[in-house]
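# Inside the fold
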Amino acid sequence: EAQLVESGGGLVQVGGSLRLSCTASGFTFRRFNMSWVRQAPGKGPEWISSISTGGDTIYYADSVKGRFTISRDNDKSTMYLQMDKLGPEDTALYHCAKAVRVDLPPRSDGWGPGTQVTVSS
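First, a word on what this report is: a plain description of the structure on this page. (Residues numbered from 1 in each chain as written. Predicted model: local features only at pLDDT ≥ 70, side-chain atom pairs only at ≥ 80, totals over all residues. Heavy atoms only, no water.)

Another aspect to go through is the overall build of the protein. When helices and strands are tallied, the protein shows zero helices and ten strands. Taken from N to C terminus, the helices and strands of the protein fall in the order β-β-β-β-β-β-β-β-β-β. For 121 residues, the compact-globule formula gives about 14 Å, and the C-alpha radius of gyration of the protein, at 13 Å, lands near that figure. For the protein, the spread of C-alpha atoms along the three principal axes comes to 40 × 25 × 25 Å. The buried share of the protein, reckoned over its 121 residues, is 40%. For the protein, long-range pairs separated by at least 24 residues make up 56% of all intrachain contacts whose partners lie at least 6 apart in sequence. Here the protein has roughly 6400 Å² of accessible surface; of this, 48% comes from carbon and sulfur atoms. Averaging the positions of the 13 positive and the 12 negative side-chain charges in the protein gives two centres separated by 2 Å. (Helix = DSSP H or I, 4+ residues; strand = E, 2+ residues; numbered from the N terminus. Rg over C-alpha atoms; globule rule 2.2 N^0.38 Å. Buried < 20%, exposed > 50% of the residue type's maximum accessible area, 1.4 Å probe, protein only. Contact = heavy atoms within 4.5 Å. Areas by Shrake-Rupley, 256 points an atom, 1.4 Å probe, with all protein chains shown as cover. Lys, Arg positive; Asp, Glu negative; His and termini not counted. Charge placed at Lys NZ, Arg CZ, Asp CG, Glu CD.)

Below you can see the structure in the form of structure tokens.
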């Protein structure tokens, strides 16, 4: 019965910002590390960020480090991804997922349906 639903995507201009949300239900959110994964059409997934249960340990891929900020609110069972200085290379479908470890990518299934981010050039 676990469910993850992403929201907050849209069309933004180069250099713009966007904040994504991932709302969880059907499991004890505060007990799980969480991750963000993105996938461009016709391409493989790219693991971009993870956060530990309490938010104390964080991972960013080099492609987003310094521009994206991951956070979570366990009282709301919600994880966030603040994206700044967006470029065309950030255009993708963004998924959230449960993670076993912060320093490893999540399993390749069990993602939410995703929210689309499109950055206009």
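Having seen it, we continue.
The full count for this structure, using the stated rule, is five salt bridges. Among the salt bridges present, the one from D103 reaches R101, with a minimum N-O distance of 2.7 Å. Its relative accessible area of 46% is what places D103 among the partly exposed residues. For R101, a relative accessible area of 44% translates into the label partly exposed. Put simply, R38, E46, R67 and D90 are held in one network by salt bridges that share partners. (Salt bridge = Lys/Arg side-chain N within 4 Å of Asp/Glu carboxyl O.)

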